[in-house]
Amino acid sequence: MADRVRITKPTTASGGWGSLQGVATILGREGHALSTAALLRKQNKHDGFMCVSCAWAKPEPPHLAEFCENGAKATAWDLTSNRVEPDFFAYHTLAELEGWTDHALEQAGRLTEPMRWDAATDRYLPVPWDQAFAAIGTALRGFDPREVVFYASGRASNEATFLYQLLARVYGCNNLPDSSNMCHESTSVALPEAIGVPVGTTTLDDFTHTDCILIFGQNTAVNSPRMLHQLDDAVKRGVPIINFNPLREHGMERFTDPQSPVRMLVAPSRQIAAQFLQPRPGGDLAALTGLCKLLLEWDAVGEAVLDHEFIAEHTHGFAEFVAAMQRFDWAEVERHSGLTRAALEAVARVYAKAGATMGIYGMGLTQHRLGVEAIRMLVNLLLLRGNIGKPGGGICPVRGHSNVQGQRAVWMTEKPELAPLDRFAELFGFEPPRDKGLDVVESAQGVIAGKVKAVLQLGGNLARSLPERGLLEPAWRRLPLTVMITTKLNRSHLVHGQDAWLLPCLSRIEIDHQASGDQIVSMEDSTSGVHPSHGQRQPASPYLLSEPAIIAGIAKATLPFNPRLDWDGWVADYTRIRHSIAACHPEWYSDYDTRMRRPGGFPRANPARKREWRTKTGKAGFLALETLEADPDMRFDAPGTFSLITVRSNDQFNTTIYGYDDRFRGVHGSRDIVFMHAEDIAALGLRAEQRVTLETVAKDGVPRAVGGLQIVPFDLPRGSLAAYYPECNPLLPLWHHARQSHVPAAKSIPVRVRAEG
Ligand SMILES: Nc1nc2c(c(=O)[nH]1)N[C@H]1C(S)=C(S)[C@@H](COP(=O)(O)OP(=O)(O)OC[C@H]3O[C@@H](n4cnc5c(=O)[nH]c(N)nc54)[C@H](O)[C@@H]3O)O[C@H]1N2
Ligand SMILES: Nc1nc2c(c(=O)[nH]1)N[C@H]1C(S)=C(S)[C@@H](COP(=O)(O)OP(=O)(O)OC[C@H]3O[C@@H](n4cnc5c(=O)[nH]c(N)nc54)[C@H](O)[C@@H]3O)O[C@H]1N2
Ligand SMILES: [Mo]
C-alpha cells in the first residue's frame, strides 16, 4: 500500500522561497548542484538551450534568470548522473521492474545504449545501432503501413519531427498522432473555424497593453510558471485578472518574484487573481454563455458594451448567436455553470468596462466532452468586444510540451489536409498517402482491436498517458512491434510489444555533434515564436544518437532508396532540414535558418493577429451553441455520481513523477489521494484521510476502478472530485472524449466513491 498522505496548509505564494528550495532540493538529489546551477543561466536564452519543460514564450531580452522551479527540475532530471546501462538489466528482469513506481523507473537514470527485449531472459539486451535499424526496417517492411502508428510526444525539435513525419508518409501512412491529441487538439479544431488559425493570437507584447485578463482552467503557477512574470507585471499596472477554476488553486492566488530578492525579503506576496470563480467541471460553457448574455442584454438596453463596428465588419453568424443565447434561460446557466448570476455579473461588469482583454486557457477547457465548444464560447465572448487582433487583446491557449505547437506546425498530424502533400510530392519525389490517419484515441482503439500492429514512439509514455489502461495494457503486450525513441526508462518500456526496442537519444540540453559540427535545433513556443536551442552538456553516453539520426537510421533501413530523400545530408547538417521545411511552406518558414538565429528568433506568421480571417467566409465566426450541458451523454446528477477532474501536481511533468509533494495544494508524501468537498465527505459518512475506491459510472460493462486513495478535504464545488493524472487514468473510458477533437475528457470522468475496509 502507498505511503500515507500528510496534509498541511497550502503554500500560498508561488515563486518565492518555496520555489527556490524546490530547485535546490532537486539539484542536490540529481547529484550535480553547482554545475547545473550554472547551466540554468543558459536556460531559455538565445545562445543557450530551450527549456524541456513547458512551451511558454521566451521574452527578448530575457529575464536574468529565465527559468522557474519546474524548468530547473526538468533540466536536472535530464542531466542526472544516474545511468541505466545494460548491466542494470542483468540485475532486474522486466517482471521485477513492473513492481517499481513510475518515479523509481525514471529516476534509475538515462538509458545509454540501444537495446532489444529478450524473451528468454525477460531483459533488455544491447544491440549495435546498425543491427537495430536493420531489424526494425525488416519488421516494418512486413506490415501494411496503415497498421503502423508513429506517435510523438511534444518535446522533439522541429528538425526531428519534420524527418519523422516524412518517414511515416514515405512509408505509406498518415498515422501521426501527437501528444497534442490529448491536449490542445480541441484548440486546433475550434480556432481555425472561429478565426482561421489553429493557434493563439497573443504575444508577450499584449501583456504590456492588456486591460483585463480572463483565465480558464490553466494552472499557471505549476504548468507555465514563467508566465507569472507577465501576470505580475499586469497586476502592478492594475489589470484585473479573473480566474475560472473549480479548484481553488492557491498557486494562482499569490505570487512572490524569486528573481527579486529584495521583494522576497520585504514585500508580502502580491495578489494575482482579482476574482476567483469556481464553476462545476465543464461549467465554463454555461458560465461563458452567462457572460455573453449579460453583454447582449446590457447592450440591448442602451449601454454601449458591444463593438458593433467590429462585429459588422469582421464577423459572421452574429444573429444566430444572439438567438441561441436568448434560448438559454438564467436558471439553466446557473445550474450548469454552478455559478450565480450575481457572480457572473461582477465579472461581466469588469469585462464590459475593460479596454483590451485577453482570454487565456488550458486543459480545464480542452479536456471536456464539449471542449471545442467551450473554446468557441470564449472566442464568442472576445469577439463581442472586438478583442481579437487588437493590441493587448486576443486568445491565448497555453500549450503544454515545449515544442508541441512546433510539431503540429511541421506537419506531425494525422489530418492530411493540414500538410502540404503536393509540395512533399514535388520536392521529395514520392506519392504521399491522402487518407486520414489515426489520432491517439483511434490508435488506442486499433491496438485494443488488434488492428494496429506496431507503435513507434518519439518520446512519451502512452502506457501511462492514455485512457482505458485496463483494456489497453494487455492489448499493448500483444503488439507485434514497439519501438521507443527515448531518454529514460518508463512504464511503456515494460508494457511492451512482442518485439520491443529501446532507442536512447540525446537530450536537447546535450551537445549534438554531427559531420558539419555541433548542431542547433529549434522549437516554437505558445505564442508562435520560433527559437534556436544549443546543446550545452556532453552526452550522457558516447553511444547515444540524436533524434534526427535515429529517425534517419530507421528510414534508410525501411524505405526504398530515393536520391531526393537525403537522410545522411539532413543528419550531417540540420540547416539542410530547415531549408527543406522552408521549401515546403515559405509563408511560414522563409529564411528559417537566418531568422531563427536573430535574438528573439522569429514569429511564425499569424494572419488573425492582423484581422485577416482565413475561414470559409473570410470572417471570424460566432458559434451558436446548442446545449449548456458539460456532457450531454452522461448524467452527472444521478445520486452518488461525482465528476472527477484529473490534474497535475507541482512535482511532476506529465507521466514523469519528480516527487510526492504538491505544496500549493498542501499535500505531502503521497499521490494516492482524492480531493473532496468537506460537505460531500460528511454526506457520504466518510472522513479525511480515509481510503476509498473510485469506480467509473458507465454502462458499457467494462470494470474501471482505482483504489487506495486517501481523502483530502479541498475547496472545490460539491459533486466534483479531483485526483492525479496518470494514477487515475484507468478510470477514463476511451470513448469519453471531446466530441469534435477526440481529446480525452480527463476533466470530467463520472465516478462513484466507495469506502474501503
Ligand atoms: N510542471 C509542469 N509543467 C507542465 C506540465 C506538467 O505536468 N508539469 N505539463 C505540460 C503539459 S503537456 C500541458 S498540456 C500543460 C497543462 O497545463 P494546464 O492546462 O494548467 O493543465 P492541468 O494541470 O491538467 O489543469 C489545469 C487546471 O484546470 C482546472 N480545471 C479542471 N477542470 C476544469 C473546468 O471544467 N473548468 C475550468 N475552468 N478549470 C478546470 C484544474 O483545476 C487545473 O487547475 O502544462 C505543461 N507544463
Ligand atoms: N487523465 C489524464 N490523462 C492525460 C492528461 C490529463 O490531464 N489527465 N494530460 C494529457 C496531456 S495534456 C498530454 S501532453 C499527454 C502526455 O503524454 P506523453 O507524451 O505520452 O507523456 P510524457 O509524460 O510527456 O512523456 C514522458 C517520456 O518521454 C520521454 N522523453 C523525455 N524527454 C525526451 C526527449 O528529449 N526525447 C525523447 N525521444 N523522449 C523523451 C521519457 O522517456 C519520458 O518518460 O498525457 C495526456 N494524458
Ligand atoms: Mo499536454
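This is a predicted model, so every value here is computed, not measured.

1. Brief notes about the overall build of the protein
- When its secondary structure is counted, the protein shows 32 helices and 33 strands.
- Since a compact globule built from 757 residues should have a radius of gyration of about 27 Å, the 25 Å found for the protein is in line with a globular shape.
- Long-range pairs, those at least 24 residues apart, make up 79% of the contacts in the protein between residues at least 6 apart in sequence.
- Looking at the protein as shown, the accessible area adds up to about 25,800 Å², and 54% of this sits on carbon and sulfur atoms.
- Considering the protein, the positive charge centre built from 79 side chains and the negative charge centre built from 85 side chains are found 2 Å apart.

2. Concerning the state of the cysteines
- Summed over all chains, the structure comprises 0 disulfides.
- The thiol of Cys-51 is unpaired, and the distance to the nearest cysteine sulfur, on Cys-68, comes to 6.3 Å.
- Between Cys-173, a cysteine without a disulfide, and Cys-584, which holds the nearest cysteine sulfur, the sulfur-to-sulfur distance is 18 Å.
- Classification of Cys-173 by relative accessible area gives buried; the value is 1%.

3. Overview of the domain arrangement of the protein
- Domain boundaries assigned for the protein yield domain 1 (2–78), domain 2 (86–179 + 403–603) and domain 3 (184–258 + 269–398 + 632–757).
- Roughly 2,100 Å² of surface becomes buried between domain 2 and domain 3 when both sides are summed, with 53% attributable to carbon and sulfur atoms.
- Our enumeration of links across domain 2 and domain 3 arrives at 3 salt bridges.
- A salt bridge links Arg-408 to Glu-185; the nearest nitrogen and oxygen atoms lie 3.0 Å apart.
- Run the count over domain 2 and domain 3 and you get 14 residue pairs in polar contact (both at pLDDT 80 or more).
- Of all the elements in the fold, those that place two or more residues in the side of domain 2 that touches domain 3 are helix H6 (102–107), helix H21 (404–409), helix H23 (440–449), helix H24 (462–465) and helix H25 (469–477).
- Ranked by residue count, the leading element in the side of domain 2 that touches domain 3 is H23, at 5 residues.
- Split by residue class, the side of domain 2 that touches domain 3 holds 6 nonpolar, 9 polar and 11 charged.

4. Brief notes about the pairing of strand S8 (residues 212–216)
- The buried count for S8 comes to 5 of 5 residues, which makes it a mostly enclosed element.
- Alternating positions in S8 separate into two faces, Cys-212, Leu-214 and Phe-216 on one and Ile-213 and Ile-215 on the other, with burial throughout.
- The sheet contact formed by S8 and strand S14 (residues 357–361) spans 5 bridges and is parallel. Looking at S14, one finds that Phe-216 is bridged to Tyr-361.
- Note: S8 against strand S9 (residues 241–244), 4 bridges, orientation parallel. Bridging across to S9, Leu-214 finds its partner in Ile-242.

5. Things to note about the site of ligand 2
- Around ligand 2, the structure places 30 residues, and the nearest of them are Ser-153, His-401, Glu-547, Thr-655 and Tyr-725.
- For ligand 2, an oxygen atom lies 2.8 Å from a polar atom in the side chain of Tyr-151.
- Contact distances for ligand 2 include 2.7 Å between a nitrogen atom and a side-chain N or O atom of Asn-729.
- If ligand 2 stood free it would expose 930 Å²; the protein chains cover 97% of that surface.
- Put simply, the parts of the chain that give the shell around ligand 2 at least two residues each are H24 and strand S17 (481–486).
- Tallied by class, residues from the shell around ligand 2 come to 9 nonpolar, 15 polar and 6 charged.

6. Focus: the sheet that holds strand S23 (residues 602–603)
- Strand order in the open sheet made by the 3 strands is S21-S22-S23, with antiparallel pairing throughout. Of all the strands in the sheet, just strand S21 (520–524) and S23 have a single pairing partner and so form its edges.
- Bridge count between S21 and strand S22 (residues 529–534): 5 bridges; the pairing is antiparallel. In the sheet register, Val-521 faces S22, and the bridge partner there is Ser-533.

Conventions used here
- Residues numbered from 1 in each chain as written.
- Chains lettered and ligands numbered in written order.
- Predicted model: local features only at pLDDT ≥ 70, side-chain atom pairs only at ≥ 80, totals over all residues.
- Heavy atoms only, no water.
- Helix = DSSP H or I, 4+ residues; strand = E, 2+ residues; numbered from the N terminus.
- Rg over C-alpha atoms; globule rule 2.2 N^0.38 Å.
- Contact = heavy atoms within 4.5 Å.
- Areas by Shrake-Rupley, 256 points an atom, 1.4 Å probe, with all protein chains shown as cover.
- Lys, Arg positive; Asp, Glu negative; His and termini not counted.
- Charge placed at Lys NZ, Arg CZ, Asp CG, Glu CD.
- Disulfide = S-S within 2.5 Å.
- Buried < 20%, exposed > 50% of the residue type's maximum accessible area, 1.4 Å probe, protein only.
- Domains from an automatic or database assignment.
- Buried area = accessible area lost by both parts, 1.4 Å probe.
- Salt bridge = Lys/Arg side-chain N within 4 Å of Asp/Glu carboxyl O.
- Polar contact = N/O pair within 3.5 Å; in protein donor to acceptor, adjacent residues only side chain to side chain.
- Nonpolar A, V, L, I, M, F, W, Y, C, P; charged D, E, K, R; others polar.
- Pairing = 2+ DSSP bridges.
- Near = heavy atom within 4 Å.

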